[in-house]
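# Observations on the three-dimensional arrangement
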Amino acid sequence: MNQLLPLFVLLPVIGFCVSLLVPAKKENTLSRVVYLSMGLHTLLVFGYTIYWWLHQHETQHSQSVNLFNSEHFQFNFILMFDLVTATYLLTGAYLTMLVTIYSSYYLHRESGYKRYFNTILFFYIGYNITVMADNFETLFIGWEILGITSFLLIAFYRNRYLPVKNAVKIFSIYRIGDVGLLLAMWMSHHLWHESITFQKLQNAELVSAQLQSHTWIGAFISLMILMTAAAKSAQLPFSSWLPRAMEGPTPSSAIFYGSLSVHLGVFLLLRTYPFWEHQFSVRVIIALLGLSTTILSIGIARVQSSVKSQLAYASIAQIGLIFIEVAAGWHILALVHFAGNAFLRTYQLLVSPSLVSYLIKEQFYKFVPRQKSFEGKFLSNKLEYSLYILCLKEWNLDAAMYQYLWNPLKKLGKRLDFITLSSLWWFILPTYFIGLYFLSFAEDKISPFAHAYLPAVFGLVGFILALKAFSERIHARLSWVLVVLNHGFIALAVSYNEHFDFFQVYIYLSGVIVAGIGGFVVLNWLKKTETVSLDRFHGHVYEHPTAAVLFLIACLALSGFPITPTFIGEDLIFSHIHENQIVLATFVALSFIIDGLAIMRIYARVFLGPHIKNYHSIAYRSS
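What follows deals with the confidence of the model for the protein chain. A residue-level look at the protein chain finds 94% of positions with pLDDT of 70 or above and a mean pLDDT of 86. Here strand E2 (residues 65-69) stands out as the element of the protein chain with the lowest mean pLDDT, 75, in contrast to helix H11 (residues 264-276), whose mean of 93 is the highest.

Written out as C-alpha cells, the structure is:
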C-alpha cells in the first residue's frame, strides 16, 4: 500500500500539467481534463481509504525522497496516511470534485475560465502534499503552494480594485504564518538535530525526554505552530482577513475559505499534537484563543450585511470551537466537526447567490421586523448598542492590524528614503563586496569581538533593505533590486555566522540571482513603453500578458516558492543560525516576511488592478 501514496500527488500534478496545454477557448476539453483528473483522484482516495480501513488501518509511510543532503541538514520529501489524513483527503476530494463540476457552469464563457481551473488544480496539489506530509519540510512545500494559489484566486477578477487589494492584504497574513512555520522548523532542527518526522513525534518517551531538558525551546516551537495555525484558520488576531478573501469567485470561496484551506490550521495542530500534548500552558492558550475567537465571531456574523461575510465569520466561530476540541484532546470529535463544517459551508456558499435573490423577494412581501433581539432579552440598551457597534466594526481587528503592525513598518520605511539607486552604487554594494572580500580572503584579520557581531550587523542591513523595498511607493525597479540585495546580505550574515560548504550558499543565491535578473529585465523592458511605478495599480496584464507571466514566475522564484533553489536555500540558511541567536533569527525571519510582501506588491501594482489607460473599460470596484 505504501507504493500507492505518491499517486495521491502525481494524479493532480498530471491533471494540472495537461490543463496548461489546453487552449483557453476549449472550455469543454478543459472541463473534461479536470473532471477526469479529479474523478480518478476521488476514486483513488475512496478506494484506498476503504481498503486501508477494512484491513489494518495502521499508519502508512511512503519511501523518503532526498531532495538535498548535507552534513547538518536533510531535505526529505516523505508522505504518510493515517486517520487525520484520510479524513482530510476524503472531504477534500469529494468537495473539490463537486466544486469543479459547479464551476464549469458557473464560470462558463468567463474570460479567466482556463486560469481559474489551472489555479484550482494547482491548489489541489498543494492541499494533497500538505495533508499527507510526514515532516515539516514536505508540509511547507504544500503550505507555500496554498498561499500563492489563494492570492491568485482572490485576485481572479484582476481588473477590479478591491479583489487585488485584498489579495495582497491576505497574502501578508499568510506570510506571517509561513515565517512562523519556518521558525518552528528552525528550532525543531536544533532540538532534534535531524529532520524529525511526524511518525517519530508519536514516540511519547522521546518527546518527553527532549522537552524536559529543553522546556523553553519546546514552548517556542509550540507557539510558532499556534501562530501559523491561527493565521491560516483566521483566529484572533487575524480573523478579519477571511471575509475579505471572499472577493474571488463563489466556487473558489467555497472550497478555500468555507471548507478546506481555512481548516488547515486545525490540521497543523492535530498533526503536531503529540509534541505539545504535555505542555499544559500551550493547551490552555489554544483553548482560550479558540473560545475568544468564537465569542467575537458569533457577534460579528450576526450584524453583517453581506451573506459571504456572515458565512465567513460563522465558519471562524466553528473553527474556534474545533481549536478547543483539539486542545482538549477530542480528536475524533474535531475531525467530525471539521468534515461537517466543511460540507455545510461549501453548500451555503454555493447557494448564496440564489439565497440572496430568494430573501430579497421574501423581505419585499413578508418582512416583519423583530421587536427585540436575542441579546436585548438580558442586556441593557446601552450595552446592547455598544456591542452592536463594536461587532459592526468587527471589533476594529483590521484597523488594529494596520495600527500596530503595518503602519509602524511603513513609517519606519519612509525614514529610509535616503536609500536610492545612487546610494546603492556608492555605499551598499561596496559594503557588500568588502564583506565578501574579508569572508573569502581575510577573515582571520577580523578581531573575534567584531566577528561575533558581524552576522547581526549584516542581518540588520538586509532587514533595512527589505523594509525600504516594502515601503517604496514610486520606483518598482529600486524595490526589486533592494529585495535581491536583501537576500545577498542575509547569505553574507549567515556565512560569517558559521563555517560550512559554500555550495549551500550558491544554491540559495543561484535562485535569487536568476530570478532577480529575469524580473529586472521584464520591468526594464516594460518601462520603455509603459508607466511603471508603485503609486497605484496599472493593470498591464491586459496588454502584456506574457510579461506578466514571466514576472510572476520571477516573483515566485525570488520569494522562495517550492521547490526552487531559493526555497531550499531558505531552509539551509536557517539551519546555520544557532538556537541562542534570537536577534539574527529575528532579522532573517522579518526579512523573509517583508521581502515576500514587497515582491507580490510589485507584481500586483504593476500588472493587476484597473488599467491605467482610460480607453480600457473600468470594472466595478468590488466583485
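Within the fold, Ser559 resides in the loop between helix H21 (545-558) and helix H22 (565-575). Of note is the side chain of Ser559, whose polar atom sits 2.9 Å from the backbone oxygen of Cys555. One polar contact links the side chain of Ser559 to the main-chain carbonyl oxygen of Leu556, over a distance of 3.2 Å.

Orientation of helix H1 (residues 7-21) relative to helix H2 (residues 27-55), taken along the N-to-C sense of each, is 175°, at an axis distance of 9 Å. Put simply, H1 runs roughly antiparallel to H2. Taking contact as the criterion, the partners of Leu7, Phe8, Leu11, Pro12, Gly15, Val18 and Ser19 in H1 are, on H2, Leu30, Val33, Ser37, Leu40, His41, Leu44, Val45 and Tyr48. Looking at the contact of H1 with H2 residue by residue, the classes come out as 11 nonpolar, four polar and no charged.

This part takes up the environment of Ile332. Mapped onto the elements of the fold, Ile332 is located in helix H14 (residues 331-366). Each C-alpha atom of the pair Ile332 and Leu83 lies 9.2 Å from the other, and the pair is 249 residues apart in sequence.

Direction vectors running N to C along helix H17 (residues 421-441) and helix H19 (residues 476-497) enclose 20°, while the axes themselves pass 11 Å from each other. Classed by the angle they form, the pair H17 and H19 counts as roughly parallel. Judged by the twist between their axes, the crossing of H17 over H19 is left-handed. Counting all contacts with H17, which are made through Leu421, Leu424, Ile428, Leu429, Thr431, Tyr432, Gly435, Leu436, Phe438 and Leu439, the residues of H19 involved are Leu478, Val481, Leu482, Leu485, Gly488, Phe489, Leu492, Ser495 and Tyr496. Its residues assigned to classes, the contact of H17 with H19 comprises 15 nonpolar, four polar and no charged.

Below, the discussion takes up a nonpolar patch on the surface. On the surface, a nonpolar cluster with roughly 970 Å² of combined accessible area is contributed by Phe46, Ile50, Trp53, Leu54, Leu83, Tyr94, Leu98, Ile332, Val336 and Phe343. Mapped by element, the contributors of at least two residues to the nonpolar patch are H2, helix H3 (83-106) and H14. Inspection of the secondary structure assignment puts Tyr94 in helix H3. Under the relative-accessibility criterion, Tyr94 is labelled partly exposed at 39%.

About the criteria used
Residues numbered from 1 in each chain as written. Predicted model: local features only at pLDDT ≥ 70, side-chain atom pairs only at ≥ 80, totals over all residues. Heavy atoms only, no water. pLDDT = per-residue confidence, 0-100. Helix = DSSP H or I, 4+ residues; strand = E, 2+ residues; numbered from the N terminus. Polar contact = N/O pair within 3.5 Å; in protein donor to acceptor, adjacent residues only side chain to side chain. Axes fitted to C-alpha atoms, helices over the stretch in contact; angles between N-to-C directions. Parallel < 35°, antiparallel > 145°, perpendicular 65-115°, else oblique. Contact = heavy atoms within 4.5 Å. Nonpolar A, V, L, I, M, F, W, Y, C, P; charged D, E, K, R; others polar. Left-handed = near helix turned anticlockwise from the far one by under 90°. Patch = residues over 30% accessible without salt bridge, like charges linked within 9 Å, V, L, I, M, F, W, Y side chains within 5 Å. Areas by Shrake-Rupley, 256 points an atom, 1.4 Å probe, with all protein chains shown as cover. Salt bridge = Lys/Arg side-chain N within 4 Å of Asp/Glu carboxyl O. Buried < 20%, exposed > 50% of the residue type's maximum accessible area, 1.4 Å probe, protein only.

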